[in-house]
Amino acid sequence: MKRTKGIFFWSSFVEIYQQLGSVLRNDPTICILFILIALIDFIALTVLFFAHTEPVSTIVAPIISTFWSERFLHYPENFYLLPKLFNHAHFLITTLVGIVVTGLVIKKIDAQVNDRTKLTTFKAFGPVMRKYLPIILGWLISYGVVMLLFRVVLPYFTKSLWMYLGVSYVTAVISQAMVAFLIPAIVLEKTGFFKALWQGIKTGFFNVPLTSLVIAVPMLLGVALSYFKMLNPVYLRICPELVLVVLASGVVVMTIVDLWVTASTTLIYLKVRNER
């Protein structure tokens, strides 16, 4: 019986990745939408990098001076603040635009899997925007759960860097697996917000093993990126410009991770939903 379950589990894992390759080949706009978010991130990073230079400084410099200090407008102190500024910008971009792209991709994948059609971005846009506020709430709940688990778990493992990274990885995989289906449920279910949210929670709870396995690699990339970001104090002493290189590389890495996780977890949700 255990062997049969193991074979079924592995076949489900293989099936998800086969479908993932298929949907990305059949609809290249899924990748293009995530590339669009990456471009917006790059623009934001560029603007923040030139915060001390005209004409950008006219708008950005007073904000930095007011909330932080004018010294962060000068080299090399500007690189100390750049990661924090970019994190704020990325959070805003994700909240305003990123979740819309996530909703569009979920609708596109659903159309491919269930209707055997390629849904245009224009046709998907209306239904997604009608659920814009619920999607924001779902994303904020997901983000809050993940951050809460990190803050509860990680302080106990700070003595060893490698143990800290290992626990970070396990926490990232499990927490992401638990909340991975909140947004797909909100976008796809024709019910109220709370029923859809509950459906997403139940789906996540009962499918943690499969989801964790599917997202294990992208989460590993995310934790590796976090490690390189932890080295920012070292970069600042050796070559401050390396901070910018790591942040720019992080945009590329997280674009891949977000695409991978969004598409694969949507496919898992559709599989579970159709079986249900």
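Residues numbered from 1 in each chain as written. Predicted model: local features only at pLDDT ≥ 70, side-chain atom pairs only at ≥ 80, totals over all residues. Heavy atoms only, no water.

Draft legend 1. Up close: the overall build of the protein chain. A tally of helices and strands in the protein chain yields 13 helices and zero strands. Along the chain direction, N to C, the helices and strands of the protein chain fall in the order α-α-α-α-α-α-α-α-α-α-α-α-α. Taken against the 2.2 N^0.38 rule, which gives 19 Å for 276 residues, the C-alpha radius of gyration of the protein chain at 20 Å falls within 12% of a compact globule. Projected onto the principal axes, the alpha-carbon positions of the protein chain cover approximately 60 × 45 × 35 Å. Residue burial in the protein chain is summarised as follows: out of 276 residues, 45% are buried. Restricting the contact set of the protein chain to residue pairs at least 6 apart, pairs at least 24 apart contribute 76%. Accessible area for the protein chain stands at about 15,100 Å²; split by element, carbon and sulfur atoms hold 71% of it. Of the side chains in the protein chain, 23 bear a positive and 12 a negative charge, and the two mean positions are spaced by 12 Å. (Helix = DSSP H or I, 4+ residues; strand = E, 2+ residues; numbered from the N terminus. Rg over C-alpha atoms; globule rule 2.2 N^0.38 Å. Buried < 20%, exposed > 50% of the residue type's maximum accessible area, 1.4 Å probe, protein only. Contact = heavy atoms within 4.5 Å. Areas by Shrake-Rupley, 256 points an atom, 1.4 Å probe, with all protein chains shown as cover. Lys, Arg positive; Asp, Glu negative; His and termini not counted. Charge placed at Lys NZ, Arg CZ, Asp CG, Glu CD.)

Draft legend 2. Main features of the confidence of the model for the protein chain. Of the residues in the protein chain, 96% have a pLDDT of 70 or more, and the chain-wide mean is 88. The secondary structure element of the protein chain with the lowest average pLDDT is helix H1 (residues 2-26), at 73, and the one with the highest is helix H8 (residues 182-188), at 95. Per-residue pLDDT stays below 50 along residues 1-5; that stretch engages in zero contacts with residues further than four places along the chain or on separate chains. (pLDDT = per-residue confidence, 0-100.)

Draft legend 3. Here's a closer look at helix H7 (residues 161-179). Taking 1.5 Å as the rise per residue, H7 with 19 residues should run 27 Å; its terminal C-alpha atoms sit 27 Å apart, in good agreement. Within H7, burial applies to Leu165, Val167, Ser168, Thr171, Ala172, Val173, Ser175, Ala177 and Val179. (Expected span 1.5 Å × (residues − 1).)

Draft legend 4. Main features of the pattern of salt bridges. Across all of its chains, the model carries four salt bridges by this definition. Between Glu15 and Lys271 there is a salt bridge; the shortest N-O distance is 3.1 Å. Here Lys271 lies in helix H13 (residues 241-275) and Glu15 lies in helix H1, a separation of 256 residues in the sequence. Of the residues examined, Glu15 reaches a relative accessible area of 32% and is grouped as partly exposed. Note that Asp110 is salt-bridged to Arg273, the shortest N-O span being 3.9 Å. Residue Asp110 is found in helix H4 (residues 77-115), and its partner Arg273 is found in helix H13; the two are separated by 163 residues along the sequence. Taking relative accessible area as the criterion, Asp110 reaches 12% and is therefore assigned buried. (Salt bridge = Lys/Arg side-chain N within 4 Å of Asp/Glu carboxyl O.)

Draft legend 5. Summary view of the side chain of Ser212. For Ser212, the location among the structural elements is in helix H10 (residues 208-214). Not counting chain neighbours up to four residues away, the residues in contact with Ser212 comprise Val173, Ile174 and Ala177.

Draft legend 6. Broad picture of the packing of H4 against helix H6 (residues 132-153). Put simply, H4 and H6 touch, their axes get as near as 10 Å, and they point 130 degrees apart. Between H4 and H6, the interaxial angle falls into the category oblique. Taken as a pair, H4 and H6 cross one another with a handedness that is right-handed. Taking contact as the criterion, the partners of Phe91, Thr94, Thr95, Leu96, Ile99 and Val100 in H4 are, on H6, Tyr132, Ile135, Ile136, Trp139, Leu140 and Tyr143. By residue class, the composition of the contact of H4 with H6 is ten nonpolar, two polar and no charged. (Axes fitted to C-alpha atoms, helices over the stretch in contact; angles between N-to-C directions. Parallel < 35°, antiparallel > 145°, perpendicular 65-115°, else oblique. Left-handed = near helix turned anticlockwise from the far one by under 90°. Nonpolar A, V, L, I, M, F, W, Y, C, P; charged D, E, K, R; others polar.)

Draft legend 7. The packing of H4 against H13, seen in detail. The N-to-C vectors of H4 and H13 enclose an angle of 25 degrees; their axes lie 10 Å apart at closest approach. By the angle between their directions, the pair H4 and H13 is classed as roughly parallel. With respect to the hand of their crossing, H4 and H13 are arranged in right-handed fashion. Side by side, H4 and H13 meet where Phe79, Leu82, Pro83, Phe86, Thr102, Val105, Ile106, Ile109, Asp110, Val113 and Asn114 of the first sit next to Glu241, Val243, Leu244, Leu247, Val251, Thr262, Ala263, Thr266, Leu267, Leu270, Arg273 and Asn274 of the second. Among the residues making up the contact of H4 with H13, the classes are represented as 15 nonpolar, five polar and three charged.

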